[in-house]
Amino acid sequence: MAKEETKKEKKTSDKSKKKKPNRVAKWFRDLKSEFKKVVWPSKKQVFNNTFVVLVTLVISSVFVGGLDFGLLKLFKFLLGIGD
């Protein structure tokens, strides 16, 4: 019976002596390997996509501004407080 208890004690002490894997270091290693798998866009693609976003932004801004201006004039006319 005493031998069994000492074996159990040795097993538990062996587990506590082993180094636990460093989770942060593993995370960075995994991150590095994932970044290698990413297909990054070329400079030309980035400039083209940026241009499309900016043009869309300008067109949307003009549309919303025109709609706002038009509705303002309409309400002023309907309420009779216009120029």
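How each quantity is defined
Residues numbered from 1 in each chain as written. Predicted model: local features only at pLDDT ≥ 70, side-chain atom pairs only at ≥ 80, totals over all residues. Heavy atoms only, no water. Helix = DSSP H or I, 4+ residues; strand = E, 2+ residues; numbered from the N terminus. Buried < 20%, exposed > 50% of the residue type's maximum accessible area, 1.4 Å probe, protein only. Areas by Shrake-Rupley, 256 points an atom, 1.4 Å probe, with all protein chains shown as cover. Salt bridge = Lys/Arg side-chain N within 4 Å of Asp/Glu carboxyl O. Phe/Tyr/Trp six-rings, centres within 6.5 Å; stacked < 30°, edge-to-face > 60°. Expected span 1.5 Å × (residues − 1). Polar contact = N/O pair within 3.5 Å; in protein donor to acceptor, adjacent residues only side chain to side chain.

Undergrad: Is there a simple way to explain the overall build of the chain in this structure?
TA: What the chain contains, in helices and strands, is 3 helices and 0 strands. The helix and strand sequence of the chain, counted from the amino end, reads α-α-α. Counting all 83 residues of the chain, 0% fall into the buried class. For the chain, the accessible area works out to roughly 8,700 Å², and carbon and sulfur atoms hold 67% of it.

Undergrad: Is there a simple way to think about the pattern of salt bridges in this case?
TA: A side chain of one charge can pair with a side chain of the opposite charge when the charged atoms of the two come close. Overall, the coordinates contain 2 salt bridges when judged by the stated rule. In this structure, Asp30 and Lys26 form a salt bridge, with 3.0 Å as the shortest nitrogen-oxygen distance. Placement of both Asp30 and Lys26 in helix α2 (residues 23–37) is noted, with a separation of 4 residues, approximately one turn of the helix. For Lys26, a relative accessible area of 43% gives the class partly exposed. The residue Lys37 makes a salt bridge to Glu34 at a minimum N-O spacing of 3.3 Å. Taken together, the residues Lys37 and Glu34, both in helix α2 and 3 residues apart, mark about one turn of the helix.

Undergrad: What exactly am I supposed to notice about the packing of aromatic side chains here?
TA: How two aromatic rings sit relative to each other is set out by the distance from centre to centre and by the angle between their planes. Throughout the structure, instances matching the rule amount to 2 aromatic pairs. Ring centres 6.0 Å apart and planes at 15° place the aromatic pair Phe35 and Trp40 in the stacked group. With a relative accessible area of 57%, Trp40 lands in the exposed category.

Undergrad: Would you take a moment to explain helix α3 (residues 43–79) for this structure?
TA: Each α-helix turn comprises 3.6 residues. Residues three or four places apart therefore point the same way. Taking 1.5 Å per residue as the helical rise, α3 with its 37 residues ought to reach 54 Å, and the 54 Å between its terminal C-alpha atoms agrees with that figure. Trailing α3 by a residue or two, Gly80 shows a phi angle of about 75°, which is positive.

Undergrad: How do you make sense of α2 when you look at a structure like this?
TA: Spanning 15 residues, α2 covers 21 Å between terminal C-alpha atoms, matching the ideal 21 Å at 1.5 Å per step. The N-terminus of α2 is capped by Asn22, whose side-chain oxygen sits 3.3 Å from the backbone nitrogen of Val24.

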